[in-house]
Amino acid sequence: MVSATVAVGGALLLLTAAVEHMLYFTRLRAVLIAQRVVPYRLHRTLAVGLVGVEFGVGSGACVTVLALPFVRQTVFFAEAGVYGLFLGYLTFLRFGRGPVPCGCFGDGPVRAQVLVRAGVFAVAAAATAVLATEPLVTLSSIPLMGAALVVAVAARVLPGMSSRRI
């Protein structure tokens, strides 16, 4: 199922973001401060919560491909919700705050590619939650699950390439 491949790719991207945000926690806080959305005293709490959600939902979606349908549906709906919230927040930043740093794997401003990426992963995770009633990992789906890694790498690298000069 293609939506499952994209949704698992999105889960891997959440895990990557969690690791990067943990490694560069002060940069994450600085981005949240620059975005001027949350009161200053809540930046640390929000940053810790963001890392926890990214890690929890990302790892949960990767693990639950083997789980019962109800568990899998719940986790993929959670992933859809996280990406939906990202999409709403980033849209607000792009159109309501002007040129502020995105915090999505770099310090550049919120770009249209980041909005599209969040939307695609939200739709794919929701579709997977609704449509995936069979086990997601079978012998016939292993190549698709391997492709999820390619999706995650592409989603991580491609949006930043348009802002770089080659």
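Along each chain, residues carry numbers from 1 onward, in the same order as the chain's sequence is written. Per-residue local features are limited, in this predicted model, to residues with pLDDT of at least 70; the limit for side-chain atom pairs, both in listing and counting, is 80 or more; totals at the level of whole chains, interfaces and linings are taken over all residues. Excluding hydrogens and water, the side-chain values take into account all heavy atoms of the structure.

Chemist: Tell me what's going on with the overall build of the protein, and back it up with residues and numbers.
Modeler: Helix and strand assignments follow DSSP, with helices taken as H or I runs no shorter than four residues and strands as E runs no shorter than two, numbered in order from the N terminus. Within the protein, the regular secondary structure consists of 6 helices and 0 strands. The criterion used for residue contact is that any of the two residues' heavy atoms lie within 4.5 Å. Summarising the internal contacts of the protein: among those between residues at least 6 apart in sequence, 72% fall at separations of at least 24. For accessible areas, the Shrake-Rupley method is used with a probe of radius 1.4 Å. Any residue's cover is judged against the shown protein chains and nothing else. Of the roughly 8,800 Å² that the protein leaves accessible, carbon and sulfur atoms contribute 74%.

Chemist: So, the nonpolar core: which residues are in play, and what are the values?
Modeler: Leu-13, Phe-76, Tyr-83 and Phe-121 are the most contacted members of the largest nonpolar core, which has 24 residues in total. Counting only elements with at least two residues in this core, the list comes to helix H1 (2–23), helix H3 (43–63), helix H4 (69–97), helix H5 (112–131) and helix H6 (142–161). Considering every element that reaches this core, the biggest residue donor is H1, with 7 residues. Other than its neighbours up to four places away in sequence, Tyr-83 contacts Gly-10, Leu-13, Leu-14, Ala-118, Phe-121 and Ala-122. Grouping buried Ala, Val, Leu, Ile, Met, Phe, Trp, Tyr and Cys residues that are joined through side-chain atoms within 4.5 Å yields what is termed a nonpolar core. Partly exposed describes any residue whose relative accessible area lies between the buried limit of under 20% and the exposed limit of over 50%, with all areas from a 1.4 Å probe on protein chains only and scaled to the type maximum.

Chemist: Explain the packing of aromatic side chains to me, and be specific about the residues and the numbers.
Modeler: A pair of Phe, Tyr and Trp rings is counted when the ring centres sit within 6.5 Å of each other, with Trp represented by its six-membered ring. The angle between the planes then sorts it: under 30 degrees is stacked, over 60 is edge-to-face, the rest tilted. Inspection of the entire model under this criterion finds 2 aromatic pairs. Seen from their ring centres, Tyr-83 and Phe-86 are 6.0 Å apart, and the 90 degrees between their planes marks the pair as edge-to-face. Residue Tyr-83 and its partner Phe-86 are both found in helix H4; the two are separated by 3 residues, about one turn of the helix. The buried category is assigned to Tyr-83, whose relative accessible area is 4%. With a relative accessible area of 24%, Phe-86 lands in the partly exposed category. Counting every residue linked through ring pairs, the aromatic cluster contains Tyr-83, Phe-86 and Phe-121. Whether a charge sits over a ring comes down to the Lys NZ or Arg CZ being within 6 Å of the ring centre and within 35 degrees of the ring normal. Across from the ring centre of Tyr-24, 4.9 Å away, lies the NZ or CZ of Arg-27, which sits over that ring.

Chemist: Outline the pattern of salt bridges, listing residues and values.
Modeler: When a carboxyl oxygen of Asp or Glu is within 4 Å of a side-chain nitrogen of Lys or Arg, the pair counts as a salt bridge. This structure, assessed with the given rule, holds 1 salt bridge. Salt-bridge contacts for Arg-27 lead to Glu-20; the nearest nitrogen and oxygen are separated by 2.7 Å. Residue classification places Arg-27 among the partly exposed residues on the basis of a relative accessible area of 29%.

Chemist: Hey, could you go over the packing of H4 against H5 for me, with residue numbers and the actual values?
Modeler: Angular values range over 0 to 180 degrees, each being the angle between N-to-C directions of two axes fitted as lines to C-alpha atoms, with helices fitted over their stretch in contact. One can describe the packing of H4 onto H5 by two numbers: an axis separation of 8 Å at closest approach and a directional angle of 160 degrees. Considering their axes alone, H4 and H5 lie roughly antiparallel with respect to each other. At the point where H4 passes H5, the crossing takes the left-handed sense. Grouping the constituent residues of the contact of H4 with H5 by class yields 18 nonpolar, 5 polar and 2 charged. Angles are sorted into four bins: roughly parallel if under 35 degrees, roughly antiparallel if over 145, roughly perpendicular if 65 to 115, and oblique for all others. Left-handed is the label given to a crossing in which the near helix is rotated counterclockwise from the far helix by less than a right angle, and right-handed is the label when the rotation is clockwise. The residue classification treats Ala, Val, Leu, Ile, Met, Phe, Trp, Tyr, Cys and Pro as nonpolar and Asp, Glu, Lys and Arg as charged. All others, Gly included, are polar.

Chemist: How would you explain a nonpolar patch on the surface if you had to name every residue and give the values?
Modeler: Patch rule: a residue counts if its relative accessible area is over 30% and it has no salt bridge; like charges are joined within 9 Å, and nonpolar side chains (Val, Leu, Ile, Met, Phe, Trp, Tyr) within 5 Å. A cluster of nonpolar side chains, contributed by Val-19, Met-22, Leu-23, Tyr-24 and Phe-55, occupies part of the molecular surface with about 520 Å² of accessible area. If you tally residues by element for the nonpolar patch, the top one is H1, at 3 residues. Tracing the backbone through its elements, the reader meets Met-22 in helix H1. Since its relative accessible area comes to 46%, Met-22 is described here as partly exposed.

Chemist: Report on the layout of surface pockets, specifying residues and quantitative values.
Modeler: Reported here for the largest pocket is a volume of approximately 560 Å³. Of the grid points, spaced at 1 Å and generated over the protein atoms alone, those admitting a 1.4 Å probe that cannot get out make up cavities, while open sets with protein on both sides within 12 Å along at least five of seven lines make up pockets; any residue with an atom within 4 Å of a point is treated as lining. If you go around the largest pocket, you meet 25 residues; those closest to its centre are Leu-50, Glu-54, Phe-86, Tyr-89 and Cys-104. If you list the elements that add at least two residues to the lining of the largest pocket, you get H1, helix H2 (25–35), H3, H4 and H5. Counting residues per element, the lining of the largest pocket draws most heavily on H4, which supplies 6 residues. Grid points are joined across faces, edges and corners, and a volume is the space filled by probe spheres set on the points.

Remember that the coordinates give geometry; whether it matters functionally is a separate question.
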